[in-house]
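Fold and geometry: a report
Listed below are the residues making up each chain.
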Amino acid sequence: MRSRVAGAGRPSASPQTRRRDRHGRGLRGPLTPARSPISRTRAERFDDLVADEVRRIVQRWGRELAQVEFAVEDVPEAPIPMDGPVPLGATLPGGGGRPVRVVIYRRPVEARAASERDRARLVRDLLVEEVADLLGMSPESVDPSYEE
């Protein structure tokens with residue numbers, strides 16, 4: 001019978017460290033298949049949420065938004081004033097061959113929303129408000145479900 005204690009029966013100069021692969025079977029593989037929804041990261045799920053909302057808005061306003069680029073960034077790049085609110089989204093002007101960009105900031109939106117449903121509603125409202133501001137219209141005329 002073998003002893004389960006590493007180095008039992010012989011003196012060792014240093015204590016042995018335990019490794020995850022202690023039985024020689026290899027390291028663990030992924031717990032879920034790569035294509036399953038549970039294996040997607042929070043950032044990937046947020047990107048999908050924004051892409052779905054953009055697709056919905058572009059179906060209605062595609063011609064007017066043809067030269068607009070939509071993007072997701074983790075946090076605003078500009079320094080945030082200590083006494084002001086953290087921006088959740090922004091419209092960045094184009095120029096020099098660059099299109100106008102509507103940006104949604106993932107981390108502030110996730111911090112503000114309490115649930116998946118709140119997050120989806122907040123993303124929808126942010127995109128509708130930014131598009132309405134860009135087109136010079138009211139948010140209700142851009143998306144009739146804005147008031148809900």
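Residues numbered from 1 in each chain as written. Predicted model: local features only at pLDDT ≥ 70, side-chain atom pairs only at ≥ 80, totals over all residues. Heavy atoms only, no water.

Observations concerning the confidence of the model for the chain
Averaged over every residue, the pLDDT of the chain is 82; residues scoring 70 or more account for 76%. Counting interchain partners and residues more than four positions distant, the pLDDT-below-50 stretch residues 1-10 has two contacts. (pLDDT = per-residue confidence, 0-100. Contact = heavy atoms within 4.5 Å.)

Topic: the sheet that holds strand β2 (residues 89-92)
Read across the open sheet, the three strands follow the order β1-β3-β2; overall the sheet is mixed. Looking at strand neighbours, the two that pair on one side only are β1 (68-73) and β2, the edges of this open sheet. Strand-to-strand twist of the sheet, defined as the mean angle between neighbouring strand axes without regard to direction, takes the value 20°. Where β2 and strand β3 (residues 100-105) come together, four bridges link them in antiparallel fashion. By the bridge assignment, Thr 91 is partnered in β3 with Val 102. Packing against the sheet, helix α1 (residues 42-61) makes contact with β1 and β3, and its axis sits at approximately 160° to β1. Where helix α3 (residues 116-135) meets the sheet, it contacts β1, β2 and β3, and its direction lies at approximately 155° from that of β3. (Pairing = 2+ DSSP bridges. Helix = DSSP H or I, 4+ residues; strand = E, 2+ residues; numbered from the N terminus. Axes fitted to C-alpha atoms, helices over the stretch in contact; angles between N-to-C directions.)

Considerations on the pattern of salt bridges
Taken as a whole and assessed by the stated rule, the structure comprises eleven salt bridges. A salt bridge links Asp 74 to Arg 106, with the nearest nitrogen and oxygen atoms 3.1 Å apart. With a gap of 32 residues between them, Asp 74 in the loop between β1 and β2 and Arg 106 in helix α2 (residues 106-112) connect regions that are remote in the sequence. The buried category is assigned to Arg 106, whose relative accessible area is 8%. With a shortest N-O distance of 2.8 Å, Glu 116 and Arg 119 are connected by a salt bridge. Within this pair, Glu 116 and its partner Arg 119 are both found in helix α3, separated by three residues, close to a single helical turn. Here Glu 116 falls in the exposed class, since its relative accessible area comes to 55%. Overall, Arg 119 belongs to the buried group, its relative accessible area being 14%. A single network of salt bridges, built from pairs that share partners, joins Arg 42, Asp 74, Arg 106 and Glu 110. (Salt bridge = Lys/Arg side-chain N within 4 Å of Asp/Glu carboxyl O. Buried < 20%, exposed > 50% of the residue type's maximum accessible area, 1.4 Å probe, protein only.)

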